[in-house]
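Architecture and fold: a report
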Amino acid sequence: MDDAISVVDRKSCFSYRLSFFFLSFFFFCSLLGLLNQFAGIDAWTRKFAFVAALLLSVLITNRFFVDGTLFRSLFYSILCVAVLSFLICISGFYFDLSYDGNAYHQKAIVNILNGANWFTHADASRDVWVDNYAKATWFYAATMISWFTSPEYGTSYHFILGASASLYLYSFCRRIGRGRYISSLLSLIVLLNPVSLSQMYTYYNDAAIGALSLILFLSAIMIVREACRLDRIIFIIASVCIINVKASGFISIGAAFLYMSLAYFHRNGLFLSIRKIVPLCAVFFAFGVGIFGYSPYVQNLLHERNLFFPLAGAGAKDIMTSNAPVGFTQQNRIYNFVLSTFSKTENLASAFDDRPPTLKFPGLIEEGELKVLLYPDVRVAGFGPLFSLMLLVSVFLLFGFILDWRVVGGLYFMILISMLVNPHAWWARYSPVTWVLPLIPLLGVVSTRIRFAWIGGVALVVVAIINVALQLCTWLDSYPSRNEFIKLQARALIGHVVKIYPGSFTPDLIAKRLALNYVLVDHDYYRAHKEKFITLLPGIEYEDILPTK
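For clarity, every value in this text was computed on a predicted model and none was experimentally measured.

Turning our attention to the overall build of the protein chain. Helix and strand counts for the protein chain come out as 22 helices and 6 strands. Looking at the protein chain as a whole, 57% of its 549 residues qualify as buried. Within the protein chain, contacts between residues at least 6 apart in sequence are counted, and of these 75% link residues at least 24 apart. Carbon and sulfur atoms make up 65% of the accessible area of the protein chain, which amounts to about 22,900 Å² in all.

Turning to the pattern of salt bridges, a few remarks are in order. Counting across every chain of the model gives 11 salt bridges. Residue arginine 355 is joined to aspartate 353 by a salt bridge in which the shortest nitrogen-to-oxygen separation is 3.5 Å. Between arginine 491 and glutamate 484 there is a salt bridge whose closest N-O contact spans 3.8 Å. The class for arginine 491 is partly exposed, based on a relative accessible area of 47%. Linked by salt bridges that have partners in common, Asp206, Lys246 and Arg429 make up one network.

The biggest cluster of nonpolar side chains holds 160 residues, and the ones touching the most others in it are Phe25, Phe217, Phe235, Met260, Leu411 and Ile415. In contact with phenylalanine 235, not counting residues within four places along its chain, are Leu216, Ser219, Ala220, Ile223, Ala256, Phe257, Met260 and Leu280. Ranked by size, the runner-up nonpolar core spans 7 residues in total, among them Met320, Ala324, Trp426 and Tyr430.

Further remarks concern empty space enclosed by the protein. To find leftover empty space, one rolls a probe the size of a water molecule over the atoms. Within the structure shown, the criterion is met by 5 cavities of 30 Å³ or more. Taken as a whole, the largest cavity holds about 150 Å³ of empty space. The wall of the largest cavity is formed by 15 residues, among which Val190, Asn193, Ser196, Gly210 and Ala211 lie closest to the centre. Of all the secondary structure elements, the ones that give two or more residues to the lining of the largest cavity are α7 (157-175), α8 (180-191) and α10 (206-224). The greatest single-element share of the lining of the largest cavity, amounting to 4 residues, is contributed by α10. Class assignment for the residues of the lining of the largest cavity results in 10 nonpolar, 5 polar and no charged. What the second largest cavity holds in volume is close to 110 Å³. In terms of lining, the second largest cavity is formed by 13 residues, of which the most central are Ser252, Ser418, Asn422, Tyr430 and Ser431. Counting only elements with at least two residues in the lining of the second largest cavity, the list comes to α10, α12 (249-268) and α18 (405-421). For the lining of the second largest cavity, the element with the highest residue contribution is α10, accounting for 3 residues.

Taken as a whole and assessed by the stated rule, the structure comprises 48 aromatic pairs. Between the aromatic rings of phenylalanine 257 and phenylalanine 284, the centroid separation amounts to 6.1 Å while the plane-to-plane angle is 55°, which identifies the pairing as tilted. Of this pair, phenylalanine 257 sits in helix α12 while phenylalanine 284 sits in helix α13 (residues 270-291), placing them 27 residues apart in sequence. Phenylalanine 284 carries the same exposure label as phenylalanine 257, and that label is buried. With a centroid separation of 6.5 Å and 90° between ring planes, the pair formed by phenylalanine 287 and phenylalanine 292 is classed as edge-to-face. For phenylalanine 292, a relative accessible area of 2% gives the class buried. Joined through ring pairs, the aromatic side chains of Phe25, Phe26, Phe50, Tyr140, Trp147, Phe148, Tyr153 and Tyr157 make up one cluster.

Here the focus is helix α20 (residues 454-492). In this model α20 runs 58 Å from its N-terminal to its C-terminal C-alpha over 39 residues, within 8% of the 57 Å that 1.5 Å per residue would give. Of all the bends in α20, the greatest reaches close to 30° and is centred on leucine 476; the proline proline 480 follows between one and four positions later.

On to the pairing of strand β4 (residues 517-520). Sheet topology places strand β3 (residues 496-501) next to β4; 4 bridges connect them, and they run parallel. Bridging across to β4, valine 497 finds its partner in asparagine 517. At this point the chain moves from β3, through helix α21 (residues 508-513), to the parallel β4, and the crossover so formed is right-handed.

Let's shift gears to the side chain of glutamine 489. By the element assignment, glutamine 489 lies in helix α20. Classification of glutamine 489 as buried rests on a relative accessible area of 17%. Every residue in contact with glutamine 489, bar those within four places of it in the chain, is listed here: Leu536 and Tyr542.

Looking at the protein chain, the pLDDT average stands at 91 and 95% of residues meet or exceed 70. Across residues 1-9 the pLDDT falls below 50, and counting only partners more than four positions away or on other chains, this stretch makes 24 contacts in the model.

So, how was this worked out
Residues numbered from 1 in each chain as written. Predicted model: local features only at pLDDT ≥ 70, side-chain atom pairs only at ≥ 80, totals over all residues. Heavy atoms only, no water. Helix = DSSP H or I, 4+ residues; strand = E, 2+ residues; numbered from the N terminus. Buried < 20%, exposed > 50% of the residue type's maximum accessible area, 1.4 Å probe, protein only. Contact = heavy atoms within 4.5 Å. Areas by Shrake-Rupley, 256 points an atom, 1.4 Å probe, with all protein chains shown as cover. Salt bridge = Lys/Arg side-chain N within 4 Å of Asp/Glu carboxyl O. Core = buried A, V, L, I, M, F, W, Y, C linked by side-chain atoms within 4.5 Å. 1 Å grid on protein atoms, 1.4 Å probe; cavity = no way out; pocket = protein on both sides within 12 Å on 5 of 7 lines; lining within 4 Å. Points joined across faces, edges and corners; volume = space filled by probe spheres on them. Nonpolar A, V, L, I, M, F, W, Y, C, P; charged D, E, K, R; others polar. Phe/Tyr/Trp six-rings, centres within 6.5 Å; stacked < 30°, edge-to-face > 60°. Expected span 1.5 Å × (residues − 1). Bend = angle between axes of the 7 residues up to and from the residue. Pairing = 2+ DSSP bridges. Right-handed = clockwise from strand over helix to strand, strands pointing away. pLDDT = per-residue confidence, 0-100.

Here it is, written out as C-alpha cells:
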C-alpha cells in the first residue's frame, strides 16, 4: 500500500477504500452536474457526466490505495463499482412521496435539466427557494436522472453518502483499536438512523448532512492524530460538499475547524495551529464557497444580501414559527431539545396543531408513535420513541466506563457545539448527527470503572437496535404498499388525458415516469373544479378524465 494509507489497519482498508470511493462519486457527480450548466443540455453531455464521475472516482481511489499489481487494482475497482451499482439499483425501488421532495427539490432538478444557469442568472428559476438554496444534491440528481431517466435514482445520494459515513466509521473504529463486532454494530446502527430511514427514498437532504457531518468530525479527529494525508483529502471533500448540500453545513464545518484549532493550539501552540488550519480553510473557502458555492453564497454577497438569504438578513422568510410546536419559539434551544427528546413522538406544528408536546417516561412506546416515523420531517422526538432511553443509558456509561478521551473528547465537543449553535437542534432532521451522541461511549471504552457496567453497553446497543427495527418494520409495512397503490392508479389512467394542477409543484418528472398523458391547468380552472380533482401524490392532483382520441 502507498505511504498515504500505511497506517491503516489492513482489516479496515477495504471499508476505508469504499467510503472514499462513494464520497468521491457523489462529489464528482455534483461537480460535473454543476459544470454541465456551461456545456448545454444535450443528452450525451449529461450522460457523459455520469460516466466521467465514475471513472474519476475509480482513478482517484486507485491513486491513494495502491495494491501492488494491476490485477488487484482492477479487482478492487470492479468490486467498488459493483457495490455502488447495487446501492443505485435499490434507490430506484420507490417514488418520493414527500411534500418537499415533490415541490421545490424536483422543481430545481427540472430547471437544471432544462438548462438553468445560476452563474449567469441569479434568479434562473424565478423561485426564491430554488435560486437561493445550496444545490449539490440537485446537480447530483440531474446527473443521475440524465443517465437512468427515472427520478427515483436521483435520491441515491442517501444510500451512497450513508454508506460512506458508515464505512468510514467502521474504519475509524478499527484504526483506534475497537473490535470487529462492535465496529460493525455501531456502523450499522449509524447507517440505519431514524432520519435516514424516513428520508432514504425522498429528495430531502438532512440525512446527507448527517452523513457528511459524521465524516467531517471523524476525519478531523484523525487529522489531529496525524494518521495520514488521505484523511485531509476526505475532510476537504466533505467540507465542500456539506455546505453545498445545505447551508446548515456551515455549523458542522465551524465545529470541526474549532476543534482542530484548539487541539493544535493546546498541543503545539499558536503558530502550528495557524500553519495547520489556514491551508484547509483556504481550500474550503476558495473551492467550497467561491466556486462550488457561487450560487447561492457568492451571489448573495454580490447582491448585497445576507450570505444565508432567504433564511437570514433583510427580506428573510420565517419558516420556523409555523413549523415549530406550540411554545417552542418562546423558549431557548436547550429547553426545546430536552422537551422534544423526552416527549411522545409526534409531528406537531403550531400551524396545524395547538397543543404542546406530551412528556412520557423514557423507554415506553405509546400508541401512534411508530406510525408518525413514516414522515421525513417528524418534529417532536424524531429520533424515535427509545432515543431518550438511549441518552440516559449513555450518561450511565460515562460514569461506568473508563474512556479514551483523546478519541471521544473531540467527537463529544464537535457534536455538542453543533447542537448548541443550531437553534433548531430539537428537530431531528435539522441535527441528524445527534443520533451518534449516545453511542460515543462505545467508541472510546477502554475498561469498566463500575462492576458489570458492560451490561449497560449491551443494553444501549439492544435499545438502539430495537428503536431502528421498530421504525424499519413500520416503514416496510407502509411505504412499499403506498408506492404500489400509486402505480395501480397510474395504470388505470392509461389511455386518458389527465388534467393536472401543478400549484407550487413541477410534476414533469413523476408524471412522465408514470407514463401519464397530461395537460396542465391554471389556478382559476382548479378553483372552479376543485371537487373533481384527485390527489395521486404530492404534486399530482388530477381531474379524471378525458379519453384520448
